[in-house]
Amino acid sequence: MVQSLLALAPTLLVIAFFLLGPFNWSRHRSWSRAVTCVFVAAIALRYMLWRFTETVLPYPNDGANFYWVWFVFIVEFLAFSEVVLFLILMSRYVDRSAEGDGLERQFFERDERELPTVDVFIPTYNEPLDVLERTIVGALALDHPKDKLKVYVLDDGRRDWLRTFCEGRGAIHVTRSDNAHAKAGNMNNGLRVSSGDFIAVFDADFVPYRSFLRRTLPFFMDETIGIVQTPQHFFNVDPIQSNLGLENLWPDEQRLFFDEIAPSRDGWDVSFCCGSCSIARRKAVDAIGGFPTESITEDLLTTLSMLNRGFKTRYLNERLSMGLAAENLTGYFVQRERWCQGGIQTLYLHNGPLRGPGLSLFQRVMFLPMSWLVQYLVRFIVLLIPIIYLWFGALPLYFTDVADYVSNQVPLLAAYFLLMFWLTPTRYLPLVSTAVGTFSTFRMLPTVLSSLVRPFGKPFKVTPKGSSNEENVFDAYTFTWIAGFIVVTALGLLINIVPETARVEGSFSAIAALWSGINIVVLIIASLICFEKPRRLLQAFKLDEPVDVDGVEGRLVSLSLDKAVVAVSTETRFKSTKVRLNIEGFAPLEADLKQVTQRRGDITRTGDKQRYYLHLHYDLRGFERDKMIIKLYTGRYSRDVPDIDKIAVSVNLLLRAFGRTRTA
């Protein structure tokens with residue numbers, strides 16, 4: 001009993017520290033972050049010292065198991081190195097919104113004629129009109145003097161219909177004779193035909209808010225700033241949210257980086273350009289010879305090249321654009337594999353973190369692609385360790401007793417989880433976050449290994465988006481790997497339950513059984529991501545505005561480019577299915593009344609009226625469609641999941657996992 005309490009003492013100390021300290025502090029103050037990160041780093045160092053001195057060095061050189069113990073420790077040391085870098089990074093935080101307010105007032109005090117010229121680059125290859133029209137119309141609507149703003153649609157697809165569309169809207173359509181160097185080459189061609197003081201870049205699926213230039217341009221009053229990057233937000237759900245059924249409960253996968261990690265990187269002056277939703281000083285781009293073409297992630301290499309020349313990247317954590325997240329798993333992996341390969345490519349380049357001139361040691365370390373190199377290997381080994389033990393009896397460490405294990409590893413896990421809860425309270429849930437990482441491992445680990453061996457072996461691939469994006473209904477490859485690991489882990493447990501077939505014995509068996517059970521739960525959740533859900537091409541925004549339909553007053557509760565949902569208090573009978581929808585600022589829209597519904601939960605109570613929902617479909621063309629694009633996509637509305645409902649997420653996943661298992 002006493003031994004058990006002593007074993008739990010370090011974990012209780014960790015919990016007490018967070019309850020008395022960080023959970024009562026602001027997570028946006030650098031001092032509180034620094035103290036907390038130093039504490040967690042100390043717990044991690046204590047664990048690694050125990051691992052090395054007590055569980056690795058004492059292991060006898062008795063053959064293959066000896067090398068397995070050392071291999072597991074080396075992988076764990078890599079994970080420890082990544083965690084230390086993460087803790088250093090997250091020990092600072094900067095929010096530049098207040099600074100931006102002051103700079104904006106100062107910047108726009110000048111005469112309008114003195115404002116700088118801006119070129120907006122929209123590089124495109126094969127995106128359809130339903131994607132491109134939003135970006136082009138939104139860019140043309142930017143709040144900046146029209147004689148100082150030009151929008152260039154850089155079309156590597158050389159499409160006549162796109163030229164016609166651009167000419168009708170006032171954008172400049174640019175093509176070239178070949179597609180050399182993909183996106184970077186396309187933008188360098190844009191540099192040759194443009195002359196603006198600044199270059200704003202938006203991928204073909206990102207729509208700038210009208211205030212984008214007003215909020216970003218003032219930062220360039222500091223002559224050392226080469227790029228200002230803003231976060232990427234999305235008006236659709238990504239495939240992880242959709243396939244797990246967590247659209248309204250779990251934020252999109254990139255929120256952790258853009259909301260938490262990117263501001264911390266900015267605090268250390270190691271922020272980097274993410275391509276889209278950024279703006280660059282032309283002089284800085286010219287100083288590095290244009291956008292670098294050596295890597296398929298030209299954005300990251302642009303940052304490094306500018307750092308070589310003394311230019312910095314600033315990060316303004318404000319929602320100033322919206323775009324399309326990867327719409328299915330095919331697009332998801334095309335995107336992630338490109339990012340991974342591009343990050344690893346920088347290790348081999350003259351202007352990368354290892355060889356780039358003018359970089360400090362800290363900058364070199366912080367631009368190493370550690371996350372890509374380490375995280376998937378670690379996740380794979382975490383799945384493999386209990387399997388190797390249960391089937392072959394190979395211990396991953398020199399094991400003394402459970403109390404020793406609990407005293408050293410459990411405090412580290414508690415410290416890390418509590419740190420993430422504190423730093424990212426609305427972005428992190430251990431089980432789901434682990435499952436998402438595990439799901440990606442089976443595709444991303446081969447990409448990591450191939451990129452290390454042949455970093456320049458794969459060409460640039462555009463993330464498929466929009467109506468030309470074929471739907472992938474089931475990720476059979478990943479599911480096969482996940483199912484295989486579940487079966488092998490479960491069979492390993494079953495074999496060792498029966499005395500006649502048991503292969504292992506001793507204290508570590510209990511830990512291996514618990515470890516295996518957790519892995520199986522994580523893998524089951526990960527398997528749910530493999531089943532694609534149908535996607536909606538034109539996303540709807542939730543709102544609450546007055547509107548009338550054929551003179552009947554109601555509330556506009558949902559709106560997209562092709563459909564509106566209007567709530568009315570009585571079941572109105574219309575003479576025809578053709579009705580006139582009157583939205584403020586628009587000419588009356590001719591709409592088809594397709595459906596009248598009552599949502600679950602709309603229950604009549606004494607004195608209340610039931611709410612009926614009119615589903616109205618319409619076909620907007622020309623100027624009216626452009627007005628609707630500006631209304632919907634340029635800053636008035638957004639799609640948010642403000643907080644994680646941890647109970648709802650857990651119940652939802654359990655129901656889905658149970659339902660999927662029963663169906664199977």
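Residues numbered from 1 in each chain as written. Predicted model: local features only at pLDDT ≥ 70, side-chain atom pairs only at ≥ 80, totals over all residues. Heavy atoms only, no water.

1. Describing the pattern of salt bridges
And step 1. A complete count under the given rule lists 31 salt bridges for this structure.
And step 2. Its salt-bridge partner being lysine 183, residue glutamate 298 comes within 3.6 Å of it at the nearest N-O pair. You can see glutamate 298 sitting in helix 12 (residues 298-308) and its partner lysine 183 sitting in helix 7 (residues 182-193), a full 115 residues away along the chain.
And step 3. A relative accessible area of 5% places glutamate 298 in the buried class.
And step 4. The exposure class of lysine 183 is buried, given its relative accessible area of 14%.
And step 5. The shortest N-O distance in the salt bridge between glutamate 253 and arginine 336 comes to 2.2 Å. Taken as a pair, glutamate 253 in the loop between helix 9 (239-244) and helix 10 (255-267) and arginine 336 in helix 13 (residues 329-345) lie far apart in primary sequence, 83 residues in all.
And step 6. Take glutamate 253: its relative accessible area is 30%, and that puts it in the partly exposed class.
And step 7. Linked by salt bridges that have partners in common, Arg96, Glu99, Asp266, Asp269 and Arg314 make up one network. (Salt bridge = Lys/Arg side-chain N within 4 Å of Asp/Glu carboxyl O. Helix = DSSP H or I, 4+ residues; strand = E, 2+ residues; numbered from the N terminus. Buried < 20%, exposed > 50% of the residue type's maximum accessible area, 1.4 Å probe, protein only.)

2. Digging into the state of the cysteines
And step 1. Scanning the entire structure with this criterion turns up zero disulfides.
And step 2. Just so you know, cysteine 166 is unpaired, no disulfide at all, and the nearest cysteine sulfur is the one on cysteine 277, 19 Å from it.
And step 3. For cysteine 166, a relative accessible area of 0% puts it in the buried group.
And step 4. In this model cysteine 530 remains outside any disulfide bridge; the closest cysteine sulfur is found in cysteine 340, 19 Å from its own.
And step 5. Here cysteine 530 falls in the buried class, since its relative accessible area comes to 0%. (Disulfide = S-S within 2.5 Å.)

3. Points about the side chain of arginine 282
And step 1. For arginine 282, the position within the fold is in helix 11 (residues 282-287).
And step 2. In this structure the side chain of arginine 282 is engaged in a polar contact, spanning 2.5 Å, whose partner is the backbone oxygen of glycine 196.
And step 3. Leaving out residues up to four positions away in the same chain, arginine 282 has contacts with Asp119, Leu191, Ser194, Ser195, Gly196, Asp197, Phe198 and Ile199. (Polar contact = N/O pair within 3.5 Å; in protein donor to acceptor, adjacent residues only side chain to side chain. Contact = heavy atoms within 4.5 Å.)

4. Considering unusual backbone geometry
And step 1. For arginine 158, which is not glycine, the phi dihedral falls at a positive 50 degrees.
And step 2. Relative to the helices and strands, arginine 158 resides in the loop between strand 2 (149-155) and helix 6 (160-169).
And step 3. The exposure class assigned to arginine 158 is partly exposed, which follows from its relative accessible area of 39%.
And step 4. Even without glycine at this site, alanine 182 takes up a positive phi of about 50 degrees.
And step 5. Looking at the secondary structure, you find alanine 182 in helix 7.

5. Topic: helix 13
And step 1. With 17 residues, helix 13 extends 24 Å between its outermost C-alpha atoms, agreeing within 8% with the 24 Å of an ideal straight helix rising 1.5 Å per residue.
And step 2. Counting buried residues along helix 13, 14 of its 17 residues qualify, which places the element largely inside the surrounding structure.
And step 3. Of the residues flanking the start of helix 13, the one acting as N-cap is asparagine 328, its side-chain oxygen 3.3 Å from the backbone nitrogen of threonine 330. (Expected span 1.5 Å × (residues − 1).)

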